[in-house]
Amino acid sequence: MKLKLSVPQWHYSMLLDRDRVAVFKEAIEKTVKPGDVVYDLGTGSGILAMIASRITKNVYAVELDPITYEYARENIKINNFGNINLVEADASEYDFKEPADVIIAEMLDTALITEPQVPVLNSILKKGLLKERGKLIPERAHNTAQVVMAKMGYIYYDEEVISEPISEEIHYSTVDFYKINKEEVSYNLKFKLKDIKLNVENMPLGIRLNTYTELNEKIIAGSTPMLNPPLIIPIENPTIEDGTLNIKLSYKMGGDLESINIKCL
Ligand SMILES: C[S@@+](CC[C@H](N)C(=O)[O-])C[C@H]1O[C@@H](n2cnc3c(N)ncnc32)[C@H](O)[C@@H]1O
């Protein structure tokens, strides 16, 4: 499919991330059927709505940001997708006139922290806007954590995955988007550290969070530069006992990076 797209700079990076777009395209083409009512929440450039609207005529695309909305409007017009119902609104507040067979929501970020995927889908589900056998894309997010040697003393994205791991990667949560999820979460995590000499006073340790996106039962996407890049949170004054690090990790989904807190137990 060839589309002419103009977008703000950060959307351009998202569109250039071919792996990100490819997994969503595949999931949409496998899930959406002719006649389905589809929502694309956080439509951005409109790309995912346009993919869906090649299969069905009933697509609602919702974008909160007025500037991005204008780009989406232009993209939809020049690519002749006149059937897309584009709306400038907060997707958690918009009054949809009919429930959906398929809801696409790419408002993802690592561990779902800085994007509103969870609060928006919570609101949509509470209003009964997904039909009984309706499908979500993605369906779930699986979160893992691993102790690494941090390269910096502040929270940063490790897109190239270069920070050296010093523990196993442990799976600590699965967020199922078909359920109403608690937005403020906390987890007690225990890491057995690799048997290496650590001088924790000089060495910044960090926790690397990774999110694996389950678009449908057959497609699980790892991180890409613009889809859930690994996030590193430095640990202040780590306490290691018998080669074990115990922490309490807490954050707010749909919050911001400042909501992240790590406490050594
Ligand atoms: C990660 S981008 C994805 C854009 C597009 N779906 C794609 O896959 O290329 C998320 C988009 O959601 C929009 N957004 C964030 N919060 C929103 C909300 N509450 N309602 C509607 N759109 C929202 C942002 O402005 C941004 O354009």
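Residues numbered from 1 in each chain as written. Predicted model: local features only at pLDDT ≥ 70, side-chain atom pairs only at ≥ 80, totals over all residues. Heavy atoms only, no water.

## Quick word on the overall build of the protein chain
Rules: Helix and strand labels come from DSSP, where a helix needs a run of H or I of at least four residues and a strand needs a run of E of at least two; each type is numbered from the N terminus. Note that the radius of gyration is over C-alpha atoms, with the globule rule given as 2.2 Å times the number of residues to the power 0.38. Note on definitions: a residue-residue contact is assigned when non-hydrogen atoms from the two residues lie within 4.5 Å. For the accessible areas, the method is Shrake-Rupley and the probe is 1.4 Å, while residue cover comes only from the protein chains on display. We treat Lys and Arg as the positive residues and Asp and Glu as the negative residues; His and chain ends play no part in the count. A charged residue contributes its charge at one atom only: NZ of Lys, CZ of Arg, CG of Asp or CD of Glu.
The number of helices and strands found in the protein chain is 5 helices and 15 strands. By the compact-globule yardstick of 18 Å for 265 residues, the protein chain fits well, its C-alpha radius of gyration being 20 Å. In terms of its C-alpha atoms, the protein chain occupies a principal-axis envelope of roughly 60 × 35 × 30 Å. Intrachain contacts of the protein chain at a sequence separation of at least 6 include 75% that bridge at least 24 residues. Accessible surface for the protein chain amounts to roughly 13,200 Å². Of this, 48% is attributable to carbon and sulfur atoms. Computed over 30 positive and 39 negative side-chain charges, the inter-centroid distance for the protein chain is 5 Å.

## Observations concerning the sheet that holds strand β5 (residues 130–137)
The criterion, for reference: If DSSP finds at least two bridges between two strands, the strands pair. In this analysis, axes come from line fits to C-alpha atoms, helices being fitted only over the stretch in contact, and the angle between any two N-to-C directions falls in the range 0 to 180 degrees.
With parallel pairing, 5 strands are arranged side by side in an open sheet as β3-β2-β1-β4-β5. Among the strands making up the open sheet, the edge pair consists of β3 (84–88) and β5. Neighbouring strand axes in the sheet, compared pairwise and without regard to direction, differ in orientation by 20° on average. Relative to strand β4 (residues 100–105), strand β1 (residues 37–41) runs parallel, the two being bridged by 4 bridges. When the bridges of β4 are listed, Leu 41 appears paired with Ala 105. Lying on the sheet, helix α2 (residues 18–31) is in contact with β4 and β5; it crosses β5 at an angle near 155°.

## Focus: the site of the ligand
Stated formally: Distances are taken per atom, and a residue is near a molecule or strand as soon as one of its heavy atoms is within 4 Å of it. Any N or O atom pair separated by 3.5 Å or less is treated as a polar contact, with the protein-specific requirement of one donor-capable and one acceptor-capable atom, and with residues adjacent in sequence counted only for side-chain atom pairs. Each residue is assigned to one of three groups, with Ala, Val, Leu, Ile, Met, Phe, Trp, Tyr, Cys and Pro labelled nonpolar, Asp, Glu, Lys and Arg labelled charged, and all others, Gly among them, labelled polar.
Every one of the 22 residues lining the ligand counts as a neighbour, but Arg 20, Gly 42, Glu 63, Asp 90 and Ala 91 are closest to it. Arg 20 is positioned such that a nitrogen or oxygen atom in its side chain is 2.8 Å from an oxygen atom of the ligand. In this structure, Leu 64 approaches the ligand through a main-chain N or O atom, which is 3.2 Å from a nitrogen atom. Look at the ligand: alone it shows 600 Å² of surface, and the protein chains cover 93% of it. Elements represented by at least two residues in the shell around the ligand include exactly α1 (9–16), α3 (47–53) and β2 (58–63). With 3 residues, α1 is the largest single contributor of residues to the shell around the ligand. Classifying every residue of the shell around the ligand by side-chain character gives 11 nonpolar, 5 polar and 6 charged.

## Section: the pattern of salt bridges
What counts, and what does not: What makes a salt bridge here is a side-chain nitrogen of Lys or Arg within 4 Å of a carboxyl oxygen of Asp or Glu, nothing more. The buried label goes to any residue with under 20% of its type's maximum accessible area, the exposed label to any with over 50%, and the partly exposed label to all in between, with areas taken from a 1.4 Å probe on protein chains only.
Going through the model one piece at a time under the given rule, you end up with 12 salt bridges. The salt bridge partner of Arg 140 is Glu 139, with a shortest N-O separation of 3.7 Å. The class for Glu 139 is buried, based on a relative accessible area of 7%. The partner of Asp 176 in a salt bridge is Arg 140, with the nearest N and O atoms 3.8 Å apart. Linking Asp 176 in strand β8 (residues 170–176) with Arg 140 in strand β6 (residues 140–149), this pair joins segments that are 36 residues apart in sequence. Judged by relative accessible area, Arg 140 falls into the partly exposed class, the value being 21%.

## A look at the nonpolar core
The line we're drawing: Each nonpolar core is a collection of buried residues, namely Ala, Val, Leu, Ile, Met, Phe, Trp, Tyr and Cys, held together in the definition by side-chain atoms within 4.5 Å. Where each domain starts and ends follows an automatic or database-derived domain assignment.
One finds Tyr 39, Leu 41, Leu 209 and Tyr 251 to be the most contacted residues of the largest nonpolar core, which totals 81 residues. Of the residues forming this core, the biggest block, 6 residues, is contributed by α3. Counting contributing residues, this core receives three or more from each of domain 1 (9–106) and domain 2 (140–264).

## Re the environment of Asp 65
Positionally, Asp 65 belongs in the loop between β2 and α4 (66–78). Taking relative accessible area as the criterion, Asp 65 reaches 32% and is therefore assigned partly exposed. Each C-alpha atom, one on Asp 65 and one on Asp 90, is 8.6 Å from the other, the two residues being 25 residues apart in sequence. Separated by 2.4 Å, the side chains of Asp 65 and Thr 68 make a polar contact.

## Overview of the domain arrangement of the protein chain
The condition is simple: Note on terms: buried area is the combined drop in 1.4 Å-probe accessible area of two parts once they are placed together, counting the loss on both.
Each assigned domain of the protein chain is listed here: domain 1 (9–106) and domain 2 (140–264). Using only C-alpha atoms to locate each centre, domain 1 and domain 2 end up separated by 30 Å. Facing the 13 residues of domain 1 at the interface are 8 residues of domain 2. The largest contributions to the domain 1 side of the interface with domain 2 come from Asp 17, Val 23 and Ala 27, which together make up 43% of the buried area.

## Some words on the pairing of strand β9 (residues 184–192)
With burial as the criterion, only one face of β9 is covered, namely that bearing Val 185, Tyr 187, Leu 189 and Phe 191; the residues Glu 184, Ser 186, Asn 188, Lys 190 and Lys 192 on the opposite face remain uncovered. Inspection of the sheet shows β9 paired to strand β14 (residues 244–252) by 9 bridges, in the antiparallel sense. Pairing of Ser 186 across the sheet is with Ser 250, part of β14.

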